[in-house]
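As a plain string of letters, each chain reads:
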Amino acid sequence: MSIRPWLLPLSAFSVAFGARLAVVLLTPIPYAFDAFQRWAGRDHLLVRDWLPLTQSLVAAAAALGADHTQARLLAAAFAALGMAAGASLARRLAGESAGWLFVPLALFGPSLTWTSALYQEGTFLTVLLGGLALAVRARQEGRSYLAADLLIGLLGLVRYEGWPVVLLYLLWRRDLRAGLALWGSLVWAGLRLSDIEGARPSPVDYADWNGLLSRFDLASWLHELGRLGTQAWYTGLLALAIGGAIALVRTWRRPMVGLLASILATQALVTLFWLAGVESAMTRMQVVPGVLLSLLIALGLAPFADRRPRLFLALGLLLSAVYTYDGVARAQIAANGFRVEYTLLEQLRAAPELRPVRLLPRAGLGTRDRHDGCEILLGLGELREGADILCTIWPEPAGGAAAPRAEATWRRGEYHLREI
């Protein structure tokens, strides 16, 4: 008896969202600097020069009165939709077993960690896998590609790494009508040419490419590449890469596998440039390659799962538990780096009469030592610059600022708060 068509995607979404729910609830302290900037700029659809789709989720959550945790849950749910789309894509390419195999494989630890924060990897994967699933359905059933082309075009508004993916999709389609998939990139190019400026929640220079040629050092880059390899060993990405390579050889002649391999290669190349830009290896760099490799492995293992379903069910349950634990642990490690600002936030919440507070933050944080405690505090919760926080190392807010009622100073590993 065939499994009802809705059961696989619904199960994939439930498992994917459940694992991310665990990450969010067990890690109440938000983490990661880009996520702080997105939340601090939650009143805006355009923040800096970032593409707007992920920020639209943040802005929508804020407009509905959600707090940071609820916004993370929305991002996690959107990412879970992508895993459901990936399971449906695997099923269309290699049968039911491939779809079910993708579900535990896609719980890859770094994927859970970074798609449970306000980052664009989750939105990227949802748009990509959803668009590819619609495209395969159109090819297999003789339907219109309109929905697939429109969704793939949305990649142009998610992250710049999606632009070459759109071009690869056009080569795969080999149809002039697929040019509709360029719509997102063209819209963004038009916005950029119109000189519309995004909000800047902090004065930090976020452009990873600024001064790259003068900053690039081959020895440092190779060192960070080695660190990235070490991280890949501990997260299991190297195992996925080996399994993905074997699966690619076995499934090369299947429809769309060549396109998936091309997208994976493009993302790997982008990661090498990204590593040069930020000058620091991060497990976040593994998210997209890890999920794409998981998809390839699911296609390759499907015939074996058909023969030994109970064994693969047990392995899938074990892998799901291990990956969920890993995703939660990595999120908690990341969040611990911001515990001191979170403690200060709780103190200011308990004593609103101390606001606005003049803050002399810890500084020299994050990649290229460009971040500070002010942007962390603004990105953790509900506080606003000018109204609640006066950052002493930032320019004064436009229109001036209210007189401070308290002062918080970073000294000897903690913030010291005193009333003025």
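For the structure itself, consult the block above.
Here is what the cut-offs are and how they apply
- Residues numbered from 1 in each chain as written.
- Predicted model: local features only at pLDDT ≥ 70, side-chain atom pairs only at ≥ 80, totals over all residues.
- Heavy atoms only, no water.
- Pairing = 2+ DSSP bridges.
- Helix = DSSP H or I, 4+ residues; strand = E, 2+ residues; numbered from the N terminus.
- Axes fitted to C-alpha atoms, helices over the stretch in contact; angles between N-to-C directions.
- Contact = heavy atoms within 4.5 Å.
- Patch = residues over 30% accessible without salt bridge, like charges linked within 9 Å, V, L, I, M, F, W, Y side chains within 5 Å.
- Areas by Shrake-Rupley, 256 points an atom, 1.4 Å probe, with all protein chains shown as cover.
- Salt bridge = Lys/Arg side-chain N within 4 Å of Asp/Glu carboxyl O.
- Buried < 20%, exposed > 50% of the residue type's maximum accessible area, 1.4 Å probe, protein only.
- Lys, Arg positive; Asp, Glu negative; His and termini not counted.
- Polar contact = N/O pair within 3.5 Å; in protein donor to acceptor, adjacent residues only side chain to side chain.
- Expected span 1.5 Å × (residues − 1).
- Arc of directions from axis to C-beta.
- Parallel < 35°, antiparallel > 145°, perpendicular 65-115°, else oblique.
- Left-handed = near helix turned anticlockwise from the far one by under 90°.

Colleague: Any chance you could break down the pairing of strand 6 (residues 414-419) for me, citing the residues and the numbers?
Modeller: In this sheet, strand 6 lies alongside strand 5 (residues 406-411) in antiparallel orientation, the contact comprising six bridges. In the sheet register, Glu407 faces strand 6, and the bridge partner there is Arg418. Here strand 5 folds back onto strand 6, and the loop between the two strands holds two residues, one of which, Arg412, carries a positive phi near 55°.

Colleague: Please give an account of the sheet that holds strand 6 that cites residues and values.
Modeller: Read from one edge of the open sheet, four strands run 4-1-5-6, paired in mixed fashion. Edge strands, defined here as strands with exactly one partner in the open sheet, are strand 4 (389-391) and strand 6. If you compare each strand with its neighbour and ignore which way they point, the axes differ by 25° on average. Relative to strand 4, strand 1 (residues 357-360) is paired through three bridges, and the arrangement is parallel. Directly across from Leu359, in strand 4, lies its bridge partner Cys391. Sheet strands touched by helix 17 (residues 339-350): strand 1, strand 5 and strand 6. Its angle to strand 6, the strand with the most contacts, is close to 20°.

Colleague: With reference to specific residues and values, describe a nonpolar patch on the surface.
Modeller: Side chains of Trp209, Phe216, Leu218, Leu222, Leu225, Leu269, Leu272 and Phe273 sit close together on the surface and give an oily, nonpolar patch of about 770 Å² of accessible area. If you list the elements that add at least two residues to the nonpolar patch, you get helix 12 (218-235) and helix 14 (257-278). Along the chain, the position of Leu272 falls in helix 14.

Colleague: Give me the lowdown on the environment of Ser262, citing residues and values where you can.
Modeller: Considering the arrangement of structural elements, one finds Ser262 in helix 14. Judged by relative accessible area, which is 30%, Ser262 ranks as partly exposed.

Colleague: Could you give an account of the pattern of salt bridges, with specific residues and numbers?
Modeller: Pairs can form between side chains of opposite charge once their charged atoms are near each other. Overall, the coordinates contain 19 salt bridges when judged by the stated rule. Ionic pairing is found between Arg173 and Asp175, a salt bridge with its closest N-O pair at 3.9 Å. Here Asp175 falls in the partly exposed class, since its relative accessible area comes to 24%. As a salt-bridge pair, Glu382 and Arg349 come within 2.9 Å of each other at their nearest N and O atoms.

Colleague: Please give an account of the side chain of Asp372 that cites residues and values.
Modeller: Take Asp372: it is sitting in strand 3 (residues 371-372). One buried charged residue, Asp372, remains without a salt bridge, the closest side chain of opposite sign being Arg48 at 8.9 Å. Of the polar contacts made by the side chain of Asp372, one reaches the side chain of Trp394; its length is 3.1 Å.

Colleague: Run through the pairing of strand 5, naming residues and quoting values.
Modeller: Looking at chain direction, strand 1 and strand 5 are connected through four bridges and run parallel. Looking across to strand 5, one finds that Leu360 is bridged to Thr409.

Colleague: Could you give an account of helix 12, naming the residues involved and the relevant values?
Modeller: Over its 18 residues, helix 12 extends 25 Å from the first C-alpha to the last, a length consistent with the 26 Å expected when each residue adds 1.5 Å. Among the residues making up helix 12, those that are buried are Trp221, Glu224, Leu228, Gln231, Ala232 and Thr235. The buried residues of helix 12 all sit within an arc of 100° when viewed along its axis, so they share a single face. Residues of helix 12 that are exposed and point more than 90 degrees away from the buried face comprise Ala219, Trp233 and Tyr234. On its buried face, helix 12 sits against helix 6 (109-114), helix 13 (237-251), helix 14 and helix 16 (309-336). Downstream of helix 12 by one or two residues, Gly236 has phi in the positive range, about 95°.

Colleague: Account for the packing of helix 7 (residues 121-141) against helix 14, naming residues and giving values.
Modeller: Across the interface, helix 7 lies against helix 14 with an axial gap of 13 Å and an inter-helix angle of 160°. Classified by the angle between their axes, helix 7 and helix 14 sit roughly antiparallel to one another. Note on packing geometry: the crossing formed by helix 7 with helix 14 is right-handed. On helix 14, the residues touching Glu121, Phe124, Leu128 and Leu132 of helix 7 are Leu259, Leu260, Ile263, Gln267 and Trp274.

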